[in-house]
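Residue strings, one per chain:
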Amino acid sequence: MTGDELCIPIFKRLRQDGTLYPDDTPQGQGNVSQGDKSQDASPIQRDPIERDTALKIYRTMLFTRVLDERMLAAQRQGRLSFYMQCTGEEATVIGSAAALQDDDMIMAQYREQGALAWRGFSCDEFMNQMFGNERDYGKGRQMPIHYGSRDLHYMTISSPLATQIPQATGYAYGQKLAGKGQCTITIFGEGAASEGDFHAALNMASVHRVPCIFLCRNNGYAISTPSCEQFAADGIAPRAFGYHMQSIRVDGNDVIAVYEATLAARKIAVETNQPILIEAMTYRLAAHSSSDDPSGYRSKKEEAIWRDKDPILRMRNWLEAQGWWSEEEEKATGDQLRREVLESMKRAEKLAPPALDTLISDVYDTPTPLLTQQLEDVKQHIRKYPHAYPKGAASMGFTAQELEVSRKAYQARQQRMQSHQPVDGGQTS
Ligand SMILES: Cc1ncc(C[n+]2csc(CCOP(=O)(O)OP(=O)(O)O)c2C)c(N)n1
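Residues numbered from 1 in each chain as written. Predicted model: local features only at pLDDT ≥ 70, side-chain atom pairs only at ≥ 80, totals over all residues. Heavy atoms only, no water.

Draft legend 1. Structural context of the overall build of the protein chain. Broken down by element type, the protein chain carries 13 helices and seven strands. In terms of overall dimensions, the protein chain has a C-alpha envelope of 90 × 50 × 40 Å along the principal axes. The burial tally for the protein chain puts 49% of its 429 residues in the buried class. Excluding contacts between residues fewer than 6 apart, the proportion of contacts in the protein chain whose partners are at least 24 apart in sequence is 72%. About 20,700 Å² of surface is accessible on the protein chain, with carbon and sulfur atoms providing 51% of the total. Distance from the positive charge centre (48 side chains) to the negative charge centre (56 side chains) of the protein chain: 5 Å. (Helix = DSSP H or I, 4+ residues; strand = E, 2+ residues; numbered from the N terminus. Buried < 20%, exposed > 50% of the residue type's maximum accessible area, 1.4 Å probe, protein only. Contact = heavy atoms within 4.5 Å. Areas by Shrake-Rupley, 256 points an atom, 1.4 Å probe, with all protein chains shown as cover. Lys, Arg positive; Asp, Glu negative; His and termini not counted. Charge placed at Lys NZ, Arg CZ, Asp CG, Glu CD.)

Rendered as structure tokens:
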């Protein structure tokens, strides 16, 4: 058997025009499959998402889009070193986060800022991380968009792909032992699912029966690699069966489908300690990152097809049909969010960098003698050349006047060296 006949349907609830699919049967019978029938998704209610939750989801989607647009522009202006957008994947990321309890753990990849925004990470907190200032919880050590929040149960992002997936299995195992009814969701791209860590994680989760939801954002690309070059089989969802795990494929641009699938998955995970795999079919509408230009590997025509499936527009159409949202609210919210993001960015840019001593804190629990010595060497170097380390010098308390004196002395030394005169009368400078 080659498995060719196995093609998992897509669970859909919402059409692009904002209407729901007609009957109570989800399109493509995409209830959580391979399970005992009693665990299938509960009957669909008339208002699939209750009003307040729906509006909070929608506002979070708008905030994420505005943040992404503004911060990409800031990167282009040279104000920020790097950026990655969630654009096109807001329904997958925010719809799933909304279906969880606030103290469930989220272990994400790097494109899931919407989930953190859903949990209440403020605009200032996003900015402090991106600008690596003294208020950044990560003390300015990681690249922009590598957020984390202990309070919001959002594990700090790291760049190596898929490493968070087996860690999520382990975290969920701990939650099972603690017995407080919490679960973990780990979110990753279809490219990351080619890493060995993905397979190790699913196997371990199934063997140890842990309450973990594995959510794959299948957005069609891993940088320039299209998903047809990433795997030969029917995507990611069927891989679950090889580990005796339940699985569902959802329309990732359909916020209701994502929300309901995650609710059902959470129920199964927490009540029966079984891991679940969700594959959300979506599209990375933006470039991979601010360092990428997708025009080199995909067509504008393809992008336009997916722009018509914009998850924000789809949800807006539904909200308007419910009488829950209007043109005026859309405009007022957009204006207010753009103002909020700009003001927050200006505040974060002005804050000082983290203190110099944080260079060596947290490498280990306590700095080793060697690290302490290295920090002392750096300080001495900065004392000698403060003007060359404006940020470091500022954090060591030099005044503008002292920096100016140092800068002049440095220039004089440079000039002497260029004219081959002995530096400082033969002494080392
Ligand atoms: C272990 C590892 N290999 C390679 C990379 C370089 N890299 C960064 S993002 C990326 C593509 C990931 O694609 P996918 O998982 O589909 O997520 P998407 O960016 O589409 O959201 C690659 C190869 C990395 N960060 N870590």
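Draft legend 2. Examining the layout of surface pockets more closely. Volume-wise, the largest pocket comes out at about 520 Å³. Every residue lining the largest pocket is counted, 23 residues in all, and those nearest its centre are Tyr-137, Gly-148, Ser-149, Arg-150 and Thr-156. (1 Å grid on protein atoms, 1.4 Å probe; cavity = no way out; pocket = protein on both sides within 12 Å on 5 of 7 lines; lining within 4 Å. Points joined across faces, edges and corners; volume = space filled by probe spheres on them.)

Draft legend 3. Inspection of the sheet that holds strand E6 (residues 246–251) at higher detail. The five strands are arranged E1-E2-E3-E7-E6 in an open sheet whose pairing can be described as parallel. The sheet is open, and its two edges are formed by strand E1 (105–107) and E6, each paired on a single side. Here the strands of the sheet are splayed against their neighbours by 20 degrees on average, with no regard to which way each runs. Looking at chain direction, E1 and strand E2 (residues 184–189) are connected through three bridges and run parallel. Residue pairing in the sheet places Met-107 in a bridge with Thr-186 of E2. (Pairing = 2+ DSSP bridges. Axes fitted to C-alpha atoms, helices over the stretch in contact; angles between N-to-C directions.)

Draft legend 4. Summary view of helix H4 (residues 123–131). Among the nine residues of H4, seven are classified as buried, and the element is accordingly described as predominantly covered. Looking one or two places after H4, you find Gly-132, whose phi comes out positive at around 55 degrees.

Draft legend 5. Expanded view of the packing of aromatic side chains. Within this structure, the stated rule accounts for twelve aromatic pairs. On the basis of an interplanar angle of 75 degrees and a centroid distance of 5.2 Å, the ring pair of Tyr-58 and Trp-325 is categorised as edge-to-face. Remark: Trp-325 occurs in the loop between helix H9 (311–322) and helix H10 (327–350) and Tyr-58 occurs in helix H1 (residues 51–76); sequence separation between them is 267 residues. Each member of the pair, Tyr-58 together with Trp-325, is buried. If you follow Lys-309 out to its NZ or CZ, it ends over the ring of Trp-306, 4.1 Å from the centre. (Phe/Tyr/Trp six-rings, centres within 6.5 Å; stacked < 30°, edge-to-face > 60°. Lys NZ or Arg CZ within 6 Å of the ring centre and 35° of its normal.)

Draft legend 6. Local environment of the packing of helix H5 (residues 164–178) against helix H6 (residues 196–208). At their nearest, the axes of H5 and H6 sit 7 Å apart, and the two run at 20 degrees to each other. Between H5 and H6, the interaxial angle falls into the category roughly parallel. H5 and H6 meet at a crossing whose hand is left-handed. The residues of H6 that touch H5, namely those facing Ile-165, Pro-166, Thr-169, Tyr-173 and Lys-176, are Asp-197, Phe-198, Ala-201, Met-204, Ala-205 and His-208. (Parallel < 35°, antiparallel > 145°, perpendicular 65-115°, else oblique. Left-handed = near helix turned anticlockwise from the far one by under 90°.)

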